[in-house]
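Below, each chain spelled out in residue letters.
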Amino acid sequence: IASARQIAAACDDIAALEAAIRAFDGCPLKAGAMNTVIADGIFGADLLLVGEAPGADEDRLGRPFVGRAGQLLDRMLAAIGRDRGRDAYIANILFWRPPANRKPDPVETATCKPFVERLIQLARPKVLILLGGTPAATLLGTSEGITRLRGRWHEVEGIPALPTLHPAYLLRQPQAKREAWRDFLAVKRRLDGGNP
Ligand code: URA
């Protein structure tokens, strides 16, 4: 973990950071993955979303959020006037797919965390959305669950961060979309320059 932090700190731009992540062998998940999945969308956009980990589609294509959860996420972004091809940047807390999409373990998230923190520092978004309990707990350093964390503003690397429900959860529990919608509207207000 210390070495991931040192490697990340030495990266002065996103190209160097991406190369360092691809060359990093300290996360055991890498051996079982087809691809290293780092980010998609517009680096430097004022909105950065951080999800959990690549699934099968993401692992195959090497891009985050391209499966069913990603399609829902794109619709949620469109509802607040955002598009990853224009004004959003999307990453995950893990760069490699866990076997059979199991929950990441704390060692895996701790190993990747310094790289994600560096990515946030370099991207300097105005607002951060944490998609689900794994990125929220990892980046906020808490064991609180997402249902308690969501909808309240926190700070990560000095940037306002709003945890919300993960789109894969919303696919299983569509009635929870109301809460996620409230969170996305709060993000829109903040991006538009209003108060939270
Ligand atoms: N779920 C995530 O958290 N990230 C992805 O990239 C895809 C699905």
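Cut-offs applied
Residues numbered from 1 in each chain as written. Predicted model: local features only at pLDDT ≥ 70, side-chain atom pairs only at ≥ 80, totals over all residues. Heavy atoms only, no water. Helix = DSSP H or I, 4+ residues; strand = E, 2+ residues; numbered from the N terminus. Rg over C-alpha atoms; globule rule 2.2 N^0.38 Å. Contact = heavy atoms within 4.5 Å. Areas by Shrake-Rupley, 256 points an atom, 1.4 Å probe, with all protein chains shown as cover. Lys, Arg positive; Asp, Glu negative; His and termini not counted. Charge placed at Lys NZ, Arg CZ, Asp CG, Glu CD. Core = buried A, V, L, I, M, F, W, Y, C linked by side-chain atoms within 4.5 Å. Buried < 20%, exposed > 50% of the residue type's maximum accessible area, 1.4 Å probe, protein only. Pairing = 2+ DSSP bridges. Near = heavy atom within 4 Å. Polar contact = N/O pair within 3.5 Å; in protein donor to acceptor, adjacent residues only side chain to side chain. Nonpolar A, V, L, I, M, F, W, Y, C, P; charged D, E, K, R; others polar.

Considerations on the overall build of the protein
Phase 1 of the analysis: Secondary structure summary: the protein contains 9 helices and 6 strands in total.
Phase 2 of the analysis: Here the C-alpha radius of gyration of the protein, 15 Å, is about what a compact globule of 196 residues would show, namely 16 Å.
Phase 3 of the analysis: With respect to the three principal axes, the spread of C-alpha positions in the protein is 40 × 35 × 35 Å.
Phase 4 of the analysis: For the protein, contacts bridging at least 24 residues in sequence account for 72% of all contacts bridging at least 6.
Phase 5 of the analysis: Accessible surface computed for the protein: about 9000 Å², of which carbon and sulfur atoms make up 50%.
Phase 6 of the analysis: Computed over 27 positive and 22 negative side-chain charges, the inter-centroid distance for the protein is 6 Å.

Digging into the nonpolar core
Phase 1 of the analysis: In terms of nonpolar packing, the biggest core is built from 62 residues, with Leu17, Leu47, Leu49, Trp96, Leu128 and Leu130 touching the most fellow members.
Phase 2 of the analysis: Per-element tally for this core: the top contributor is helix H5 (residues 106-123), with 7 residues.
Phase 3 of the analysis: Leaving out residues up to four positions away in the same chain, Leu128 has contacts with Leu48, Val50, Ile120, Val156, Ile159, Pro160, Ala161 and Leu162.

As for unusual backbone geometry
Phase 1 of the analysis: The backbone of Phe65 shows a phi angle near 50 degrees, a positive value even though the residue is not glycine.
Phase 2 of the analysis: Counting through the fold element by element, Phe65 comes out in the loop between helix H3 (56-61) and helix H4 (68-79).
Phase 3 of the analysis: Looking at Phe65, the relative accessible area reads 6%, which means it is buried.

Description of the pairing of strand S4 (residues 127-131)
Phase 1 of the analysis: Extensive coverage of S4 is indicated by the burial of 5 of its 5 residues.
Phase 2 of the analysis: Side chains of S4 alternate between two faces, with Val127, Ile129 and Leu131 and Leu128 and Leu130 buried alike.
Phase 3 of the analysis: Inspection of the sheet shows strand S2 (residues 47-51) paired to S4 by 4 bridges, in the parallel sense. The partner of Val50 across the bridge, within S4, is Leu130.
Phase 4 of the analysis: Pairing between S4 and strand S6 (residues 159-164): 4 bridges, direction parallel. Bridged to Leu131 within S6 is Thr164.

Some points on the site of the ligand
Phase 1 of the analysis: Every residue lining the ligand is accounted for by Gly51, Glu52, Ala53, Glu58, Pro64, Phe65, Asn92 and His166.
Phase 2 of the analysis: For the ligand, a nitrogen atom lies 2.8 Å from a polar atom in the side chain of Asn92.
Phase 3 of the analysis: The fraction of the free accessible surface of the ligand (240 Å²) that becomes covered by protein chains is 91%.
Phase 4 of the analysis: Here the shell around the ligand is built from residues that sort into 3 nonpolar, 3 polar and 2 charged.

These figures come from the coordinates and say nothing about function on their own.
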